[in-house]
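Summary of the model geometry
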Amino acid sequence: METGADKMATPQLGSPALTVCFSALLAVSTAIAAGLYCLAVQALSELGLGAASYTAALLLPILIGVGAALATIGPANRRFRKLRQAFQTIIDGDLSVRLPEKNTGIFCVAYSDFNRMAQELEKVRAMREEYVNTFTHEFKTPLTAIRGFAELLQEPGFTEEEQKKYLHIIASETCQLAELANDALLLTKLETQNLPVVREKFWLDEQVSHDLTMLEGSLREKNQSLTAEIEPVELYGSKELLSHVWTNLIGNAIKYTPNGGQISVSLKREGSEAVFTVTDNGIGMSEEVKANIFDRYYQADPTHTRKGIGLGLPIVHKILELCGGKIDVESRSGEGSTFRVHLPVNL
């Protein structure tokens, strides 16, 4: 494998240095051909040969130049043809194709870039397939429950209390289905920019407090304690979209923190930014998980022991991107996580 220094030493395809090298090579070749021509003419003149000899003297350097050009262009043409064939293989659906990077001259960087592209495409395909499998699983589970309890309710002999219990389960599973569909649709609209971003002036602290109130039931179910330090912050932005950010981040903290755990939420203004922070003492994340949590198809839990299809954080990331904000993550496996959001107030 060629090192980075080797690649830098060899002018690469499409670089200005390669253009300079070819120009210099052409100038040198022309000078050599002219010199050969002059020497041939002088030699033939001394021999006293006729017009045919002068013609031969003219053709000889041309033939030498053509031979040299073919010797140079031939390998480059073969490497370019190999690159085109590899692209066609990718188009046909085979993402496993790779090109040899060693001893490829000016094509070394191009081959390296192609291999990196194919590797990323292969990774995205694997993640997408995992996402489809997870999505199917998450859809099938509540549908099976709904169908089972609906058929059960058709049988006689159930008390009113039992009927209410089964109907509550059906309603809960229906809400889960709706949430899955809404998340998938929202992310698709965000990524295709097919969602109008309506901006307005509003109090961000009131919105965060409202979203916390909506999640109190989930906190009580897991007997978790919540500490909130919410300062008044006025912001000009998308009130509708930003609500998804707070509910997703706080909801994830509840979801990945064990029973009896602690969660803290804060909101304050720092200069021209609103800073929202949510911290938990939950399961935390490894470096690998932390590096991929905002990818659409990424699943940190391949066993699917927790509900969801991993769309929450990609939605958060995309919304903040549209609103001019950013999000930072601090986490260590087994030690909890901290998500910090920075948003311009735009007042």
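Above this note sits the structure.
Description of the structure in this document. Bear in mind that the values here come from a model prediction, so they are computed numbers and not experimental data. (Residues numbered from 1 in each chain as written. Predicted model: local features only at pLDDT ≥ 70, side-chain atom pairs only at ≥ 80, totals over all residues. Heavy atoms only, no water.)

**Thoughts on the packing of helix H8 (residues 239-255) against helix H10 (residues 312-322)**
For clarity, the cut-off: Where helices are involved, their axes are fitted lines through C-alpha atoms of the stretch in contact, as for all axes, and angles between N-to-C directions lie from 0 to 180°. Numbering goes from the N terminus for both helices and strands, where a helix is a DSSP run of H or I of at least four residues and a strand is a run of E of at least two. For any pair of crossing helices, the crossing counts as left-handed if the nearer helix is rotated counterclockwise from the farther one by less than a right angle, and right-handed if it is rotated clockwise. Throughout, a contact is declared for two residues whenever any of their heavy atoms are within 4.5 Å.
Interaxial distance between H8 and H10 falls to 9 Å at its minimum, and their mutual angle equals 145°. In this structure, the crossing between H8 and H10 has a hand that is left-handed. Where H8 abuts H10, its residues Leu-241, Leu-242, His-244, Val-245, Asn-248, Leu-249 and Asn-252 lie against Gly-312, Leu-313, Ile-315, Val-316, Ile-319 and Leu-320.

**Observations regarding a nonpolar patch on the surface**
Our working definition: Patch membership requires over 30% relative accessible area and the absence of a salt bridge. Like charges are linked within 9 Å, and nonpolar side chains (Val, Leu, Ile, Met, Phe, Trp, Tyr) within 5 Å. Here the Shrake-Rupley method, with its probe set to 1.4 Å, supplies the accessible areas, and only the displayed protein chains count as covering residues. Take a side-chain nitrogen of Lys or Arg and a carboxyl oxygen of Asp or Glu: if they are within 4 Å of each other, that pair is a salt bridge. The rule is simple: take the accessible area with a 1.4 Å probe, protein chains only, and divide by the maximum for that residue type; under 20% is buried, over 50% is exposed, in between is partly exposed.
Nonpolar side chains collect at one region of the surface, where Phe-87, Met-117 and Leu-121 lie side by side and expose about 230 Å² of accessible area between them. Assignment of secondary structure puts Met-117 in helix H4 (residues 108-153). For Met-117, a relative accessible area of 31% puts it in the partly exposed group.

**A few points about the sheet that holds strand E7 (residues 337-344)**
What counts, and what does not: In this description, strands pair whenever DSSP reports at least two bridges between them.
What the five strands build is an open sheet, ordered E2-E4-E5-E7-E6; its pairing is mixed. The two strands at the open ends of the sheet, each matched to only one other strand, are strand E2 (225-230) and strand E6 (326-331). Pairs of neighbouring strands in the sheet enclose a mean axial angle of 10°, with direction left out of account.

**Topic: helix H5 (residues 160-191)**
Using the following cut-off: An expected span of 1.5 Å times one less than the residue number is assigned to each helix.
Spanning 32 residues, H5 covers 47 Å between terminal C-alpha atoms, matching the ideal 46 Å at 1.5 Å per step. Listed in full, the buried residues belonging to H5 are Tyr-166, Ile-170, Glu-173, Gln-176, Leu-177, Leu-180, Asp-183, Ala-184, Leu-186, Leu-187 and Leu-190.

**Quick look at the packing of helix H6 (residues 204-214) against H8**
Filter applied, for reference: Any angle that falls under 35 degrees is termed roughly parallel, while one over 145 is termed roughly antiparallel, one within 65 to 115 roughly perpendicular, and all others oblique. Lys, Arg, Asp and Glu make up the charged group, whereas Ala, Val, Leu, Ile, Met, Phe, Trp, Tyr, Cys and Pro make up the nonpolar group; the residues left over, Gly among them, are polar.
At their nearest, the axes of H6 and H8 sit 10 Å apart, and the two run at 45° to each other. Between H6 and H8, the crossing angle belongs to the class labelled oblique. Every pair of crossing elements has a handedness; the one defined by H6 and H8 is right-handed. Together, Leu-204, Gln-207, Val-208, Asp-211 and Leu-212 of H6 and Lys-239, Leu-242, Ser-243, Trp-246, Thr-247 and Ile-250 of H8 make up the contact between the two elements. Looking at the contact of H6 with H8 residue by residue, the class counts come to six nonpolar, three polar and two charged.

**Description of the packing of aromatic side chains**
As a reminder of what qualifies: Aromatic rings from Phe, Tyr and Trp, taking only the six-membered ring of Trp, are treated as a pair when their centres fall within 6.5 Å; an angle between ring planes under 30 degrees marks them as stacked, one over 60 as edge-to-face, and anything in between as tilted.
Applying the stated criterion to the full structure yields four aromatic pairs. Between Phe-158 and Tyr-166, the aromatic rings sit 5.5 Å apart at their centres with planes inclined by 85°, giving edge-to-face as the arrangement. Since its relative accessible area comes to 22%, Phe-158 is described here as partly exposed. Owing to a relative accessible area of 15%, Tyr-166 belongs among the buried residues under this scheme. For the pair Trp-246 and Phe-276, a centre-to-centre distance of 4.6 Å together with 45° between the ring planes defines the contact as tilted. A residue pair is termed long-range when its members are at least 10 positions apart, and Trp-246 in helix H8 and Phe-276 in strand E5 (residues 273-280) qualify at 30 residues. Pairwise contacts between aromatic rings join Phe-149, Phe-158 and Tyr-166 into one cluster.

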